[in-house]
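What follows is each chain in one-letter form.
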Amino acid sequence: MRANRSTTRWPLVPLGTLAEFRNGINFSKTNFGSGIKVIGVGDFQSNVRATFDDLDQINPQGIVRKEHLLKDGDIIFVRSNGNRELIGRSMFVEGLRENVTHSAFSIRLRFLSDACLPRFYGYLFRSRLIRQALSLHGGGTNISNLNQDILGRLKVPLPPKPVQCKIASILSLYDDLIENNTRRIKVLEGMAKMIYRGWFVNFRFPGYEKVKMVESEMGQVPKGWSVQKVTEAIDVDPMTKVPKQGMKPFVAMGGLSHTSMLILDIERREGNSGSKFRNGDTLFARITPSLENGKTGFVQFLPDSEAVGFGSTEFIVLRSRTVTPEYVYLMARSDEFRENAVKSMTGASGRQRVQEACFGKFLIAHPPADLLQSFQNVVMPMFRLVYVLSEKNENLRKTRDMLLPKLISGDISVGYSEAEAVRQGV
């Protein structure tokens, strides 16, 4: 239903009269550790609401002060990045249960006016209307650098508070569904990791009670399992032909998650320089700090029409030879596998890389083929459901983002005329 266009009479107000701003903290690799979580540019992705489970941590001593801590209702903007498309991207902070700060490549907005509902503006700042306005202030079609002055001069609509609440509640329904699917994804991934570890690390596979344990160079392993180098079971950076011509799926380092198998923000690029992969491969970060932070992804997004893709040169591609693709990914996620890779790293401080020879030193107890088949029968549906739920989330985001400008512009009525909103106390 179309609105009566009363929303075009919403006043436009400089954002600097409604809110205050603060840049994030500067830190270096030497500050990585534990103590406080920090939101970086790579954590924005397609999120409207900030998520806190998958964040890097730093030692806050001498760096983080009270004013650097985020609060519920804050909105964070990407201030500077090598990818200009990311500059101006925003994320709303809600549901904080611990201290969290943000990096110097971002700006924090905090509303001072009671006339503003932070959640509404969290959605507003993601609309094309605001993106276009930011670009104009930045001097071009893309913003080269966002600063507090640009944000302060940005004029934003100030609808009556009940209208803000209504729009935010409609859009939040989509985010609630996205968060529910995200929780299901986390449970499924956790279950797959537990099964892998139970069967192939702790040797508590189905029927283990009837199998004798025997001594090996790895310690005790089930009888009939062969101890071998992992490079006998998987291929490391296998040859994969990717044509130079035409647009193809491309994965940057930022597309990998610290904790999830999902690969997000898949681009399309020409060429074929970098790592090359196909469905079923595992992408393993080779460079610090991405490796220590756990960046690993499982490729299952390529359509039948595009059998291969390419990505960052800083990926090591792992492909199953005698195990299963799911086994390879879950092994690559294990602490033991990662620690072996980290120990091999060489190079200048801050840019150290894994030496691929390290994989020849990593031993596995290779399971029998029938047990591997049983394992795949159990976990492959979990992997597929993770991908399906991720695709549902992407469709929900697209629907929400299509609805957003229509609600904000008044093309779709939210059930309040301006007069009705004023009568409700604004």
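Residues numbered from 1 in each chain as written. Predicted model: local features only at pLDDT ≥ 70, side-chain atom pairs only at ≥ 80, totals over all residues. Heavy atoms only, no water.

Before going further, it helps to examine the overall build of the protein chain. What the protein chain contains, in helices and strands, is eight helices and 21 strands. Long-range contacts, defined as pairs at least 24 residues apart, comprise 79% of the intrachain contacts of the protein chain with a sequence gap of at least 6. Accessible surface, the protein chain as shown: approximately 20,500 Å² in total, 51% of it carbon and sulfur. (Helix = DSSP H or I, 4+ residues; strand = E, 2+ residues; numbered from the N terminus. Contact = heavy atoms within 4.5 Å. Areas by Shrake-Rupley, 256 points an atom, 1.4 Å probe, with all protein chains shown as cover.)

Attention shifts here to the pairing of strand S16 (residues 275-278). Residues Ser 275 and Phe 277 line the buried face of S16, whereas the alternating positions Lys 276 and Arg 278 sit on a face that is not buried. Of the pairings in the sheet, the one linking S16 to strand S19 (residues 308-311) comprises four bridges and is antiparallel in character. Bridged to Phe 277 within S19 is Gly 309. (Buried < 20%, exposed > 50% of the residue type's maximum accessible area, 1.4 Å probe, protein only. Pairing = 2+ DSSP bridges.)

Moving on, we come to the nonpolar core. Of all hydrophobic cores here, the largest spans 44 residues; its most connected members are Phe 200, Tyr 327, Met 331 and Phe 375. Secondary structure elements with two or more residues in this core: helix H4 (161-200), strand S20 (315-320), helix H5 (325-332), helix H6 (335-343), strand S21 (363-366) and helix H7 (369-409). Not counting residues up to four positions away in its chain, the partners in contact with Phe 375 are Ile 195, Tyr 196, Trp 199, Phe 200, Thr 324, Glu 326, Tyr 327 and Leu 330. (Core = buried A, V, L, I, M, F, W, Y, C linked by side-chain atoms within 4.5 Å.)

With that settled, the discussion passes to the pattern of salt bridges. Overall, the coordinates contain 20 salt bridges when judged by the stated rule. Close ionic contact of Asp 149 with Arg 153 constitutes a salt bridge, the shortest N to O distance being 3.0 Å. Here Asp 149 and its partner Arg 153 are both found in helix H3 (residues 148-153), four residues apart, which amounts to about one turn of the helix. Owing to a relative accessible area of 41%, Arg 153 belongs among the partly exposed residues under this scheme. For Arg 197, the salt bridge is made with Glu 336, and the minimal N-O distance between the two is 2.5 Å. Placement of the pair is Arg 197 in helix H4 and Glu 336 in helix H6, with a sequence separation of 139 residues. The partly exposed category is assigned to Arg 197, whose relative accessible area is 33%. The exposure class assigned to Glu 336 is partly exposed, which follows from its relative accessible area of 31%. If you follow the salt bridges from partner to partner, you end up with Arg 49, Glu 94, Arg 119, Asp 176 and Glu 179 in one network. (Salt bridge = Lys/Arg side-chain N within 4 Å of Asp/Glu carboxyl O.)

Let us look at unusual backbone geometry. A positive phi angle is found at Phe 203, which is not glycine, with a value near 60°. Along the chain, Phe 203 falls in the loop between H4 and strand S10 (213-216). Positive phi, close to 50°, is recorded for Asp 237, a residue that is not glycine. Within the secondary structure, Asp 237 is located in the loop between strand S13 (234-236) and strand S14 (248-251).

Once that is clear, we can look at the packing of aromatic side chains. One pass over the structure, following the stated rule, counts 23 aromatic pairs. Ring centres 5.0 Å apart and planes at 70° place the aromatic pair Phe 250 and Phe 310 in the edge-to-face group. Taken as a pair, Phe 250 in strand S14 and Phe 310 in strand S19 lie far apart in primary sequence, 60 residues in all. The same class applies to Phe 250 as to Phe 310, namely buried. Site record: aromatic cluster; members linked through ring pairs are Tyr 196, Trp 199, Phe 200, Phe 203, Phe 205, Trp 225, Tyr 327 and Phe 375. Its guanidinium or amino end placed over the ring of Phe 250, Arg 269 lies 3.7 Å from that ring's centre, counting from NZ or CZ. (Phe/Tyr/Trp six-rings, centres within 6.5 Å; stacked < 30°, edge-to-face > 60°. Lys NZ or Arg CZ within 6 Å of the ring centre and 35° of its normal.)

Inspection of the secondary structure assignment puts Asp 74 in the loop between strand S4 (56-58) and strand S5 (75-78). Setting aside residues up to four positions removed in sequence, Asp 74 forms contacts with Leu 69, Met 91, Phe 92, Val 93, Arg 108, Leu 109 and Arg 110. Engagement of the side chain of Asp 74 in a polar contact is seen with the backbone nitrogen of Lys 71, the distance being 2.8 Å. (Polar contact = N/O pair within 3.5 Å; in protein donor to acceptor, adjacent residues only side chain to side chain.)

Let's shift gears to the confidence of the model for the protein chain. In the predicted model, the protein chain carries a mean pLDDT of 87, and the fraction of residues at 70 or more is 89%. The element-level mean pLDDT for the protein chain is lowest in helix H8 (residues 418-423), coming to 42, with H5 highest at 98. Below a pLDDT of 50 lies the segment residues 1-8, which in the model reaches 16 contacts outside its immediate sequence neighbourhood of four places, other chains included. Within the model, the stretch residues 417-426 combines pLDDT values under 50 with 16 contacts to residues more than four positions away or in other chains. (pLDDT = per-residue confidence, 0-100.)

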